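Survey of secondary and tertiary structure
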Amino acid sequence: MKKMSNIYESAANTLGIFNSPCLTKVELRVACKGISDRDALSKPDPCVILKMQSHGQWFEVDRTEVIRTCINPIFSKLFTVDFYFEEVQRLRFEVHDISSNHNGLKEADFLGGMECTLGQIVSQRKLSKSLLKHGNTAGKSSITVIAEELSGNDDYVELSFSARKLDDKDFFSKSDPFLEIFRINDDATQQLVHRTEVVMNNLNPAWKTFKVSVNSLCSGDQDRKLKCIVWDWDSNGKHDFIGEFSSTFKEMRGAMEGRQVQWECINPKYKAKKKNYKNSGIVILNQCKIHKMHSFLDYIMGGCQIQFTVAIDFTASNGDPRNSCSLHYIHPYQPNEYLKALVAVGEICQDYDSDKMFPAFGFGARIPPEYKVSHDFAINFNEDNPECAGIQGVVEAYQSCLPKLQLYGPTNIAPIIQKVAKSASEETNTKEASQYFILLILTDGVITDMADTREAIVHASHLPMSVIIVGVGNADFSDMQMLDGDDGILRSPKGEPVLRDIVQFVPFRNFKHASPAALAKSVLAEVPNQVVDYYNGKGIKPKCMSEYESSRTLAP
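We now turn to the structure provided with this report. (Residues numbered from 1 in each chain as written. Predicted model: local features only at pLDDT ≥ 70, side-chain atom pairs only at ≥ 80, totals over all residues. Heavy atoms only, no water.)

1. Examining the overall build of the protein chain
Counted only if it meets this: Elements are defined by DSSP. Helices are runs of H or I of four residues or more, strands are runs of E of two residues or more, and each kind is numbered from the N terminus. Exposure categories follow from relative accessible area, calculated using a 1.4 Å probe and restricted to protein chains: below 20% of the type maximum is buried, above 50% is exposed, and the middle band is partly exposed. In what follows, residue pairs with any heavy atoms lying within 4.5 Å of each other are defined as contacts. Calculation of accessible area relied on Shrake-Rupley with a 1.4 Å probe; when residues are assessed, cover is drawn exclusively from the protein chains displayed.
When helices and strands are counted, the protein chain shows 13 helices and 26 strands. Out of the 556 residues in the protein chain, the part that is buried amounts to 51%. Here the contacts in the protein chain between residues at least 6 apart in sequence split such that 72% fall between residues at least 24 apart. Counting every atom, the protein chain has about 26100 Å² of accessible surface; 50% of that belongs to carbon and sulfur.

Pasting the structure below:
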């Protein structure tokens, strides 16, 4: 094994990948103009669906809210996408008319689409194009997309507004108020930040609490002017103006720790005409909570350990390990694909694990002494302590167990996912960011327990864990891609969606002639975001604030 050290060296060169700054996140805002409808008598109820291209296919990323009876909609919902400078990321915006009794797309009429790259939007900051329908322009309709980088401060704010004694604009019932908040940009243009829901027939509405990023609200400038408008909703899309007021994020922060901030809602026309005019109602901010978004480095520097577990496929389809054609053949000088993949990924993970002890399991083999098939046996044959010392220990356990096993089948990976999920589930009881689990599964074929595996992944998506699957050999792995939620949303057989995308699947053959660094980078690139999404989503802070983190907090 004297040549083994060179894979370690090349793997060690990749250790920079977790330390590179996380990719840029970009917020996209969408508006349309002049949408024509199939039904000339009524205006459409538009919704924009964002799709992204992956491996030549389009997959839905997200969709806006539906705006009723509107031909020039400005959507309140933002799309947040990851921007990779080094990749061409193709986007498609589709406008659909969603009928009110059915929110699915089956009933929906396609009103037009626009394709571009994320790079085009980011470089132009504002991209306007005609909507195309079956290759032709769809009337005079157009779509505008505005991009904004989420710079540095990813904190977000939770705001809860209500109002009292609003002007009544309706003859036969009370007003149906909703609130819009606009940010005033440096060039004096207005940018819609949020639109609340409509509260029907109520002059004292309490709108639902909503979250918005600090970046989106005020571009990180607490003194930036914000304009707030209260409207009376009308089913024909011509909403009546009730009143407006101005504020700043700095002023809104007064509604922290149980205090309230209130504004008079003013209609300038009434104010100019009526002598005794006071206001058109009072708008109250009942709470303003700031949620700090922590980074991957905050958690790691705060003492979060990465618990790395490996699971190796010992099914018969790998071929007899004594035969040089076998994927498990131990060559005196050349490590096989299983070893290359294990070392490339393991080398990086071990730097984030203080005890450097790694549980290592096998599946799909008959094991001594009874030679029963097992899908989660310890490769050191010590079920009470399946841990191996360092990646080198895993390599040695793998080599010594091979001659003792009878390669068999089927290829079931749900049991091993459940086993690691059990440890991750125990970790959740601590309510702190101390251990995050990464399971590396190395397999030569398409799995046979797809339904159970999907169920196990959906369950695991609620836990502090990620699953990396590396496909070894030349099998057709197309079915495995569905486990990697990048291509749409993975669901359990019962239809429950994953809470977060935790699976990364990569065929080793794509990296056969590349360095181990390239493989490791590909499979581990999503891990920092997965760690952050899990803990931030649960509101769990890093264990101890690092100096690094305290240098980037938002000053009060």
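2. Comments concerning the side chain of S160
For S160, the position within the fold is in strand β9 (residues 156–164). Among residues more than four places away in sequence, those in contact with S160 are T209, I284, L285, N286 and Q287.

3. Section: the sheet that holds strand β12 (residues 210–213)
Just so we agree on the cut-off: DSSP calls a pair of strands paired once it identifies at least 2 bridges connecting them. Throughout, an axis means a line fitted to C-alpha atoms (over the contacting stretch in the case of helices), and angles, computed between N-to-C directions, take values from 0 to 180 degrees.
Strand order across the open sheet formed by four strands is β12-β9-β16-β15, with antiparallel pairing between neighbours. Each edge of the open sheet carries a strand with a single partner, namely β12 and β15 (261–264). Each strand of the sheet is rotated relative to its neighbour by a mean of 35 degrees, with strand direction disregarded. Across four bridges, the pairing between β15 and strand β16 (residues 282–291) is antiparallel. Its bridge partner being in β16, W263 is matched across the sheet by V283.

4. With respect to the environment of G473
Take G473: it is sitting in the loop between β25 (465–471) and β26 (503–507). When its relative accessible area of 5% is taken as the criterion, G473 is described as buried. Remark: the alpha-carbon pair of G473 and K512, spanning 39 residues in sequence, is separated by 10.0 Å. With sequence-adjacent residues up to four places away left out, G473 is seen in contact with L327, E337 and R509.

5. Overview of helix α10 (residues 450–460)
Within α10 the residues assigned to the buried category are M450, T453, A456, I457, V458 and A460. Check the buried side of α10 and you find it contacts α9 (414–428), β25 and β26.

6. Focus on the nonpolar core
Formally: The criterion is simple. A nonpolar core is a set of buried Ala, Val, Leu, Ile, Met, Phe, Trp, Tyr and Cys residues joined through side-chain atoms within 4.5 Å.
By size, the foremost hydrophobic cluster in this structure holds 57 residues, and its most contacted members are F314, I379, L442, L524 and Y535. With 31 residues, the next largest nonpolar core counts F363, V420, L463 and V467 among its residues.

7. Digging into the pattern of salt bridges
Convention followed: Think of a salt bridge as a Lys or Arg side-chain nitrogen and an Asp or Glu carboxyl oxygen that are within 4 Å of each other.
Going through the model one piece at a time under the given rule, you end up with 16 salt bridges. In this structure, R63 engages E60 in a salt bridge whose closest nitrogen and oxygen atoms are separated by 2.9 Å. For R63, a relative accessible area of 25% corresponds to the partly exposed category. Given a relative accessible area of 35%, E60 falls into the partly exposed group. One continuous salt-bridge network, built from bridges that share partners, spans K51, R92, E94 and E115.

8. Brief notes about the environment of P493
Residue placement: P493 occurs in the loop between β25 and β26. A relative accessible area of 45% places P493 in the partly exposed class. Along the chain, P493 and D452 lie 41 residues apart, while their C-alpha atoms are 8.1 Å from each other. Sequence-distant contacts of P493, defined by excluding residues within four places in its chain, comprise A451, R454 and E455.

9. Side note on the pairing of strand β11 (residues 190–195)
Bridging between strand β10 (residues 177–184) and β11 involves five bridges; their strand directions are antiparallel. Each residue of the ladder has a partner; that of E180, found in β11, is R195. A loop of five residues connects β10 with β11, the two strands running antiparallel in sequence, and A188 in this loop sits at a positive phi of about 70 degrees.

10. Details of unusual backbone geometry
Omega for the bond connecting P368 with P369 falls within 30 degrees of zero, at 0 degrees, which places this linkage in the cis form. Residue position: P369 is located in the loop between β19 (365–367) and β20 (372–374). Following G409, the chain continues into P410 via a peptide bond in cis, with omega recorded as -5 degrees. Inspection of the secondary structure assignment puts P410 in the loop between β23 (406–407) and α9. The phi dihedral of K431 falls on the positive side, at around 55 degrees, and the residue is not glycine. Within the secondary structure, K431 is located in the loop between α9 and β24 (435–443). In this structure K431 comes out as exposed when scored by relative accessible area, which is 65%.

11. Looking at the side chain of T309
Mapped onto the elements of the fold, T309 is located in strand β17 (residues 305–313). Not counting chain neighbours up to four residues away, the residues in contact with T309 comprise P359, F361, V420, I438, L439 and L440.

12. Quick notes on the packing of α9 against α10
Quick note on the threshold: Between 65 and 115 degrees an angle is taken as roughly perpendicular, under 35 as roughly parallel, over 145 as roughly antiparallel, and anywhere else as oblique. The handedness criterion is simple: a crossing whose near helix is rotated anticlockwise from the far helix by less than a right angle is left-handed, and one whose near helix is rotated clockwise is right-handed. Each residue gets one label: Ala, Val, Leu, Ile, Met, Phe, Trp, Tyr, Cys and Pro are nonpolar, Asp, Glu, Lys and Arg are charged, and the others, such as Gly, are polar.
At their nearest, the axes of α9 and α10 sit 9 Å apart, and the two run at 15 degrees to each other. Our classification of the angle between α9 and α10 gives roughly parallel. When you trace α9 past α10, the crossing you get is left-handed. For the pair α9 and α10, the contacting residues are A414, I417, Q418 and A421 in the first and D452, T453, A456, I457, H459 and A460 in the second. Tallied by class, residues from the contact of α9 with α10 come to six nonpolar, three polar and one charged.

13. Focus on α9
Heads up, the rule is: The span you would expect from a helix comes to 1.5 Å times its residue count less one.
Taking 1.5 Å per residue, 15 residues should reach 21 Å; α9 reaches 20 Å between its end C-alpha atoms and fits that length. Considering only its buried residues, α9 is in contact with β17, β18 (357–363), β24, α10 and β25.

14. Comments concerning the packing of aromatic side chains
Rule in force here: Here the aromatic set is Phe, Tyr and Trp, taking the six-membered ring for Trp, and pairing holds for ring centres within 6.5 Å; pairs whose planes are under 30 degrees apart are stacked, those over 60 apart are edge-to-face, and all others are tilted. Comment: the charge-over-ring label is applied if NZ (Lys) or CZ (Arg) is within 6 Å of the ring centre and within 35 degrees of the ring normal.
The tally for this structure, following the rule as stated, stands at 14 aromatic pairs. A centroid spacing of 6.3 Å and a plane angle of 35 degrees characterise the contact between F161 and W263, whose relative ring orientation is tilted. Taken together, the positions of F161 in strand β9 and W263 in strand β15 put the pair 102 residues apart, joining distant regions of the chain. Like W263, F161 is buried. Ring plane angle 65 degrees and centroid distance 6.2 Å describe the contact between Y436 and Y535, whose orientation is recorded as edge-to-face. Of this pair, Y436 sits in strand β24 while Y535 sits in helix α12 (residues 527–537), and the two are 99 residues apart along the sequence. Each member of the pair, Y436 together with Y535, is buried. Over the aromatic face of Y270 sits the side chain of K274, whose NZ or CZ is 4.1 Å from the ring centroid. The ring of Y408 is capped by R366, whose NZ or CZ atom sits 3.8 Å from the centre of that ring.

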